[in-house]
Amino acid sequence: MRHEWLLTAAVASAFAPSAQLASATEYLSIDAAQRAAFPSASAFEPVLVAAEVKAAIARDAGRFPVDPRVWRVLSGGDTIGWFMVDEVIGKVELITYALALDTTGAVKSLDVLAYRESHGDAIRLASWRAQFDGKRASDPVKIDADIRNISGATLSCRHVTEGVHRLLLVYEKALAHG
């Protein structure tokens, strides 16, 4: 029998573990995203958000899987906006994204910095991210309310949308008045 090896290979492959390969891709560094969102900025000053503020937001809008990083964006000595980097779970891996806000707390831009899942990276599409432009903490910022879902990227869409909502609450509760 010339093809006995086929039977052996078929049996072996039936018991071999299969894995879904994820590819981690970094699209933008934090520095590049900051410069793209605020080309006229002279400085990005780190801001600490108090633990009690994050705890209050977690009670209302869910907890932060990873503490967000926040910067006050300056031009000369004037605040010209806010820049935040957060991470949310996609399906099983973290998605790193950046949110730029103007001085009134409205979304200026949303960028995906790193995507580590094998599916769902359609959230990088400019048309999907543009749905957040102008959103504020007072807006619903929910999938199927004012943000469209992408078939095949449901968890990524949902979790990034929830993350953006939490970051808008950070602005409202911690940054708007100081």
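Computed from a predicted model, the values in this text were never measured in an experiment.

About the criteria used
Residues numbered from 1 in each chain as written. Predicted model: local features only at pLDDT ≥ 70, side-chain atom pairs only at ≥ 80, totals over all residues. Heavy atoms only, no water. Helix = DSSP H or I, 4+ residues; strand = E, 2+ residues; numbered from the N terminus. Buried < 20%, exposed > 50% of the residue type's maximum accessible area, 1.4 Å probe, protein only. Contact = heavy atoms within 4.5 Å. Axes fitted to C-alpha atoms, helices over the stretch in contact; angles between N-to-C directions. Parallel < 35°, antiparallel > 145°, perpendicular 65-115°, else oblique. Left-handed = near helix turned anticlockwise from the far one by under 90°. Nonpolar A, V, L, I, M, F, W, Y, C, P; charged D, E, K, R; others polar. pLDDT = per-residue confidence, 0-100. Salt bridge = Lys/Arg side-chain N within 4 Å of Asp/Glu carboxyl O. Arc of directions from axis to C-beta. Phe/Tyr/Trp six-rings, centres within 6.5 Å; stacked < 30°, edge-to-face > 60°.

1. Overview of the overall build of the chain
Move 1: The helix and strand tally for the chain stands at 5 helices and 6 strands.
Move 2: Counting from the amino terminus, helix and strand elements in the chain follow one another as α-β-α-β-α-β-β-β-β-α-α.
Move 3: The proportion of buried residues among the 178 residues of the chain is 42%.
Move 4: Partitioning the contacts of the chain with sequence separation of at least 6, the portion at a separation of at least 24 is 58%.

2. Things to note about the packing of helix α3 (residues 51–61) against helix α5 (residues 154–175)
Packed helices, taken two at a time, are described by the angle their axes make and the gap between the axes.
Move 1: Running from N to C, α3 and α5 cross one another at 135°; their axes reach a closest spacing of 10 Å. Considered as vectors, α3 and α5 are oriented oblique to each other. Crossing hand, α3 versus α5: right-handed. Judged by residue contacts, Val53, Ile57, Asp60 and Ala61 of α3 engage His165, Arg166, Leu169, Val170, Lys173 and Ala174 from α5.
Move 2: Its residues assigned to classes, the contact of α3 with α5 shows 6 nonpolar, 1 polar and 3 charged.

3. What to know about the confidence of the model for the chain
Move 1: Counting all residues, the mean pLDDT for the chain is 88, and 86% of those residues have values of 70 or more.
Move 2: Note on residues 12–22: pLDDT is under 50 here. Beyond four places in sequence and across chains, it has 6 contacts.

4. Points about the pattern of salt bridges
Move 1: The tally for this structure, following the rule as stated, stands at 5 salt bridges.
Move 2: Here Arg129 ties to Asp111 by a salt bridge, and the two come within 3.1 Å at their closest N and O atoms. Highlighted residues: Arg129 in helix α4 (residues 126–129) and Asp111 in strand β6 (residues 107–115), separated in sequence by 18 residues. Both residues of the pair, Arg129 and Asp111, count as buried.
Move 3: The salt bridge involving Asp146 is made with Lys135; its shortest N-O contact spans 2.9 Å. Residue Asp146 is found in the loop between α4 and α5, and its partner Lys135 is found in the loop between α4 and α5; the two are separated by 11 residues along the sequence.

5. Digging into α3
Move 1: All of the buried residues along α3 are Val53, Lys54, Ala56, Ile57 and Ala61. All buried residues of α3 fall inside an arc of 160° around its axis, so they share one side. α3 presents Ala51, Glu52 and Arg59 as exposed residues on the side facing more than 90 degrees away from its buried surface.
Move 2: Close packing links the buried residues of α3 with α5.
Move 3: Directly after α3, the chain includes Gly62, whose backbone phi takes a positive value near 95°.

6. So, the packing of aromatic side chains
Move 1: Per the stated rule, a full pass over the model turns up 3 aromatic pairs.
Move 2: Considering the side-chain rings of Phe44 and Phe83, the 6.4 Å spacing of their centres and the 75° angle between planes classify their relative orientation as edge-to-face. Of this pair, Phe44 sits in strand β2 (residues 43–47) while Phe83 sits in strand β4 (residues 78–89), and the two are 39 residues apart along the sequence. Grouping residues by exposure puts Phe44 and Phe83 together as buried.

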